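Here is how the chains run, residue by residue.
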Amino acid sequence: MAQIINGQIERNEYSSIPYTWIRGEQPNKSISIMLPGLGYTTQRPLFHYATNLCVNHNIDILHINYQYSQNEHFKKLSEPEQDQWMYDDVMAIAHEVLKEQEYKQCFLLSKSLGTIPMAKEWTDRSLENTMSGIWLTPLLKDNNVYQAILNTELPSLVVIGDKDSHFIEERVATLKHNQLVSIVVIPNADHSLEIKGDITATMDAIKEVTLKIQEFIQR
(Lines give C-alpha, C1' and ligand atoms only; values in the text may rest on other atoms or scores of the structure.)
Protein backbone atom coordinates (compact mmCIF):
# COMPACT_ATOMS: atom_id res chain seq x y z
CA MET A 1 0.00 0.00 0.00
CA ALA A 2 1.54 3.28 -1.10
CA GLN A 3 1.82 6.22 1.26
CA ILE A 4 0.66 9.58 -0.10
CA ILE A 5 2.28 12.66 1.42
CA ASN A 6 1.02 16.08 0.39
CA GLY A 7 3.17 19.10 1.12
CA GLN A 8 3.97 22.61 0.01
CA ILE A 9 7.17 24.61 -0.32
CA GLU A 10 7.20 28.38 0.18
CA ARG A 11 10.30 29.36 -1.78
CA ASN A 12 9.58 33.09 -1.52
CA GLU A 13 6.60 35.40 -1.11
CA TYR A 14 5.52 34.82 -4.71
CA SER A 15 6.29 31.14 -4.97
CA SER A 16 4.20 28.50 -3.21
CA ILE A 17 4.45 25.06 -4.80
CA PRO A 18 2.31 22.07 -3.76
CA TYR A 19 3.67 18.58 -4.23
CA THR A 20 2.58 15.00 -3.72
CA TRP A 21 5.10 12.34 -2.70
CA ILE A 22 3.91 8.80 -3.27
CA ARG A 23 6.15 6.18 -1.69
CA GLY A 24 6.04 2.53 -0.84
CA GLU A 25 5.59 1.23 2.67
CA GLN A 26 9.06 -0.27 2.36
CA PRO A 27 11.91 1.98 1.13
CA ASN A 28 12.28 1.91 -2.64
CA LYS A 29 15.56 2.43 -4.48
CA SER A 30 14.12 4.58 -7.28
CA ILE A 31 11.99 7.69 -7.65
CA SER A 32 10.32 9.36 -10.61
CA ILE A 33 10.04 13.16 -10.47
CA MET A 34 7.09 14.25 -12.60
CA LEU A 35 6.82 17.75 -14.06
CA PRO A 36 3.42 18.56 -15.61
CA GLY A 37 2.47 21.05 -18.29
CA LEU A 38 0.82 24.42 -17.81
CA GLY A 39 -2.70 23.02 -18.08
CA TYR A 40 -1.94 19.31 -18.29
CA THR A 41 -1.75 18.44 -14.61
CA THR A 42 -0.54 15.29 -12.86
CA GLN A 43 -4.20 14.24 -12.63
CA ARG A 44 -4.51 13.89 -16.41
CA PRO A 45 -4.33 10.46 -18.11
CA LEU A 46 -0.67 10.32 -19.13
CA PHE A 47 0.53 11.11 -15.62
CA HIS A 48 -2.16 8.95 -14.02
CA TYR A 49 -1.04 5.84 -15.89
CA ALA A 50 2.66 6.65 -15.57
CA THR A 51 2.17 6.98 -11.82
CA ASN A 52 0.42 3.62 -11.63
CA LEU A 53 3.23 2.03 -13.64
CA CYS A 54 5.80 3.36 -11.20
CA VAL A 55 3.85 2.08 -8.20
CA ASN A 56 3.61 -1.34 -9.84
CA HIS A 57 7.37 -1.39 -10.40
CA ASN A 58 8.31 -0.23 -6.89
CA ILE A 59 9.30 3.26 -7.95
CA ASP A 60 8.35 6.18 -5.71
CA ILE A 61 6.82 9.26 -7.34
CA LEU A 62 7.12 12.98 -6.75
CA HIS A 63 4.44 15.12 -8.41
CA ILE A 64 5.47 18.77 -8.51
CA ASN A 65 2.17 20.60 -8.89
CA TYR A 66 3.19 24.14 -9.81
CA GLN A 67 0.36 26.46 -10.84
CA TYR A 68 1.93 29.15 -13.01
CA SER A 69 -1.27 30.01 -14.85
CA GLN A 70 -2.53 31.44 -11.54
CA ASN A 71 0.67 33.26 -10.56
CA GLU A 72 0.42 36.90 -11.65
CA HIS A 73 3.98 37.69 -10.54
CA PHE A 74 5.34 34.82 -12.62
CA LYS A 75 3.44 36.02 -15.71
CA LYS A 76 5.21 39.40 -15.55
CA LEU A 77 8.68 37.87 -15.71
CA SER A 78 10.73 37.67 -18.90
CA GLU A 79 11.04 34.26 -20.54
CA PRO A 80 14.58 33.60 -19.22
CA GLU A 81 13.43 34.65 -15.74
CA GLN A 82 10.44 32.33 -15.97
CA ASP A 83 12.68 29.45 -17.00
CA GLN A 84 14.98 30.01 -14.02
CA TRP A 85 11.99 30.47 -11.70
CA MET A 86 10.53 27.11 -12.72
CA TYR A 87 13.87 25.38 -12.27
CA ASP A 88 14.36 26.90 -8.83
CA ASP A 89 10.86 25.80 -7.80
CA VAL A 90 11.45 22.24 -9.00
CA MET A 91 14.84 21.97 -7.32
CA ALA A 92 13.54 23.38 -4.04
CA ILE A 93 10.96 20.59 -3.78
CA ALA A 94 13.21 17.87 -5.17
CA HIS A 95 16.00 18.59 -2.70
CA GLU A 96 13.53 18.83 0.19
CA VAL A 97 12.02 15.42 -0.55
CA LEU A 98 15.20 13.66 -1.61
CA LYS A 99 16.97 14.54 1.64
CA GLU A 100 14.32 12.52 3.48
CA GLN A 101 15.21 9.26 1.77
CA GLU A 102 18.25 8.01 -0.07
CA TYR A 103 17.44 6.89 -3.61
CA LYS A 104 20.02 5.07 -5.68
CA GLN A 105 18.47 6.28 -8.90
CA CYS A 106 15.90 8.76 -10.11
CA PHE A 107 14.43 9.65 -13.45
CA LEU A 108 12.49 12.67 -14.61
CA LEU A 109 9.22 12.55 -16.52
CA SER A 110 8.03 15.84 -17.93
CA LYS A 111 5.38 17.14 -20.29
CA SER A 112 5.25 20.33 -22.31
CA LEU A 113 6.15 23.24 -19.98
CA GLY A 114 7.78 20.76 -17.63
CA THR A 115 10.41 19.97 -20.26
CA ILE A 116 11.89 23.46 -19.71
CA PRO A 117 13.13 22.90 -16.12
CA MET A 118 13.99 19.31 -17.08
CA ALA A 119 16.22 20.61 -19.89
CA LYS A 120 18.01 22.90 -17.45
CA GLU A 121 18.55 20.02 -15.06
CA TRP A 122 20.00 18.00 -17.95
CA THR A 123 22.62 20.76 -18.23
CA ASP A 124 23.17 21.68 -14.57
CA ARG A 125 22.91 18.15 -13.10
CA SER A 126 21.91 19.40 -9.65
CA LEU A 127 20.29 16.09 -8.71
CA GLU A 128 22.37 13.09 -7.83
CA ASN A 129 21.79 9.66 -9.37
CA THR A 130 19.64 10.85 -12.28
CA MET A 131 19.67 7.86 -14.62
CA SER A 132 17.20 8.62 -17.42
CA GLY A 133 14.34 10.80 -18.59
CA ILE A 134 10.99 10.74 -20.34
CA TRP A 135 10.02 13.76 -22.45
CA LEU A 136 6.31 13.91 -23.30
CA THR A 137 5.46 16.49 -25.99
CA PRO A 138 8.71 18.41 -25.43
CA LEU A 139 8.82 22.06 -26.47
CA LEU A 140 11.14 21.46 -29.41
CA LYS A 141 10.78 25.07 -30.57
CA ASP A 142 12.70 26.01 -27.43
CA ASN A 143 16.41 25.70 -28.28
CA ASN A 144 17.36 24.81 -24.71
CA VAL A 145 14.95 21.87 -24.70
CA TYR A 146 16.02 20.73 -28.16
CA GLN A 147 19.73 20.94 -27.36
CA ALA A 148 19.29 19.16 -24.02
CA ILE A 149 17.71 16.16 -25.75
CA LEU A 150 20.03 16.27 -28.74
CA ASN A 151 23.15 16.18 -26.56
CA THR A 152 21.87 14.01 -23.73
CA GLU A 153 24.23 11.46 -22.23
CA LEU A 154 21.35 9.77 -20.42
CA PRO A 155 18.84 7.30 -21.88
CA SER A 156 15.80 9.32 -22.95
CA LEU A 157 12.35 8.57 -24.31
CA VAL A 158 10.71 11.28 -26.41
CA VAL A 159 6.99 11.11 -27.27
CA ILE A 160 5.32 13.66 -29.53
CA GLY A 161 2.40 13.88 -31.94
CA ASP A 162 2.91 14.96 -35.54
CA LYS A 163 0.05 17.47 -35.19
CA ASP A 164 1.66 19.08 -32.15
CA SER A 165 2.61 22.71 -32.80
CA HIS A 166 6.03 21.89 -31.35
CA PHE A 167 6.59 19.01 -33.76
CA ILE A 168 9.43 20.02 -36.07
CA GLU A 169 10.20 17.20 -38.46
CA GLU A 170 13.81 18.25 -39.04
CA ARG A 171 14.54 18.45 -35.34
CA VAL A 172 12.88 15.12 -34.59
CA ALA A 173 14.96 13.53 -37.36
CA THR A 174 18.15 15.03 -35.93
CA LEU A 175 17.38 13.72 -32.44
CA LYS A 176 17.48 10.20 -33.87
CA HIS A 177 21.23 10.63 -34.38
CA ASN A 178 21.71 10.27 -30.63
CA GLN A 179 21.55 6.54 -29.94
CA LEU A 180 20.48 7.18 -26.34
CA VAL A 181 17.25 8.82 -27.53
CA SER A 182 14.20 6.69 -28.34
CA ILE A 183 11.52 8.58 -30.26
CA VAL A 184 7.83 7.76 -30.56
CA VAL A 185 5.78 9.86 -32.98
CA ILE A 186 2.02 9.46 -32.62
CA PRO A 187 0.26 10.06 -35.97
CA ASN A 188 -2.40 12.79 -35.95
CA ALA A 189 -1.88 13.49 -32.22
CA ASP A 190 -1.92 17.06 -30.91
CA HIS A 191 -0.07 18.63 -27.97
CA SER A 192 -2.20 16.66 -25.50
CA LEU A 193 -1.45 13.49 -27.49
CA GLU A 194 -5.12 13.37 -28.45
CA ILE A 195 -6.51 12.72 -31.92
CA LYS A 196 -9.09 15.38 -32.54
CA GLY A 197 -12.60 14.01 -33.05
CA ASP A 198 -11.58 10.38 -32.52
CA ILE A 199 -11.92 9.13 -28.94
CA THR A 200 -11.02 5.53 -29.81
CA ALA A 201 -7.81 6.58 -31.56
CA THR A 202 -6.95 8.80 -28.60
CA MET A 203 -7.39 5.88 -26.21
CA ASP A 204 -5.17 3.76 -28.45
CA ALA A 205 -2.53 6.52 -28.41
CA ILE A 206 -2.60 6.70 -24.61
CA LYS A 207 -2.22 2.92 -24.47
CA GLU A 208 0.75 3.03 -26.85
CA VAL A 209 2.47 5.75 -24.83
CA THR A 210 1.82 3.91 -21.57
CA LEU A 211 3.36 0.72 -22.98
CA LYS A 212 6.41 2.66 -24.23
CA ILE A 213 6.88 4.19 -20.79
CA GLN A 214 6.60 0.76 -19.22
CA GLU A 215 9.22 -0.66 -21.57
CA PHE A 216 11.51 2.27 -20.83
CA ILE A 217 11.37 2.04 -17.03
CA GLN A 218 11.88 -1.74 -17.17
CA ARG A 219 15.23 -1.44 -18.95
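For the structure, see preceding data.
Residues numbered from 1 in each chain as written. Predicted model: local features only at pLDDT ≥ 70, side-chain atom pairs only at ≥ 80, totals over all residues. Heavy atoms only, no water.

Looking at the element boundaries, Phe 107 is found in strand β5 (residues 105-111). Taking C-alpha positions, Phe 107 is 12 Å from Ala 50, a pair spaced 57 residues apart along the chain. Dropping the residues within four chain positions of it, Phe 107 is found in contact with Ile 31, Ser 32, Ile 33, Cys 54, Ile 59, Ser 132, Ile 134 and Ile 217. (Helix = DSSP H or I, 4+ residues; strand = E, 2+ residues; numbered from the N terminus. Contact = heavy atoms within 4.5 Å.)

Our next topic: the sheet that holds strand β6 (residues 130-136). An order of β1-β2-β4-β3-β5-β6-β7-β8 is seen for the eight strands of this open sheet, with the pairing classed as mixed. The sheet is open, and its two edges are formed by β1 (3-12) and β8 (181-186), each paired on a single side. On average, adjacent strands in this sheet sit at an angle of 15 degrees to one another, irrespective of strand direction. Bridge analysis of strand β2 (residues 15-23) against strand β4 (residues 59-64) gives four bridges, and the strand direction is antiparallel. If you follow Tyr 19 over to β4, its bridge partner there is Ile 64. In this fold helix α4 (residues 115-124) packs onto β3 (30-35), β5, β6 and β7 (156-161), with an angle of close to 150 degrees to the strand it touches most, β6. (Pairing = 2+ DSSP bridges. Axes fitted to C-alpha atoms, helices over the stretch in contact; angles between N-to-C directions.)

Below, the discussion takes up the environment of Pro 155. Along the chain, the position of Pro 155 falls in the loop between α5 (143-150) and β7. When the C-alpha atoms of Pro 155 and Gln 179 are compared, they prove to be 8.5 Å apart, with 24 residues separating the residues in sequence. Beyond its immediate stretch of four places on either side in the chain, Pro 155 contacts Met 131, Ser 132, Gly 133, Leu 180 and Phe 216.

So, on to the packing of aromatic side chains. Summed over all chains, the structure comprises four aromatic pairs. Relative to Tyr 68, the ring of Tyr 66 lies with its centre 4.9 Å away and its plane at 25 degrees, an arrangement referred to as stacked. Each member of the pair, Tyr 66 as well as Tyr 68, carries the same accessibility label: buried. For the ring pair Trp 122 and Trp 135, a centre distance of 5.5 Å and an interplane angle of 85 degrees mean the geometry is edge-to-face. Here the residue Trp 122 occupies a position in helix α4, and Trp 135 occupies one in strand β6, the gap between them amounting to 13 residues. Owing to a relative accessible area of 0%, Trp 135 belongs among the buried residues under this scheme. Within the aromatic cluster, the residues linked to one another by ring pairs are Tyr 66, Tyr 68 and Phe 74. The ring centre of Tyr 40 lies 4.8 Å from the NZ or CZ of Lys 111, which sits over that ring. Against the face of Tyr 146 rests Arg 171, its NZ or CZ located 4.2 Å from the ring centre. (Phe/Tyr/Trp six-rings, centres within 6.5 Å; stacked < 30°, edge-to-face > 60°. Buried < 20%, exposed > 50% of the residue type's maximum accessible area, 1.4 Å probe, protein only. Lys NZ or Arg CZ within 6 Å of the ring centre and 35° of its normal.)

In short, the description is geometric, and any link to function would need to be established separately.
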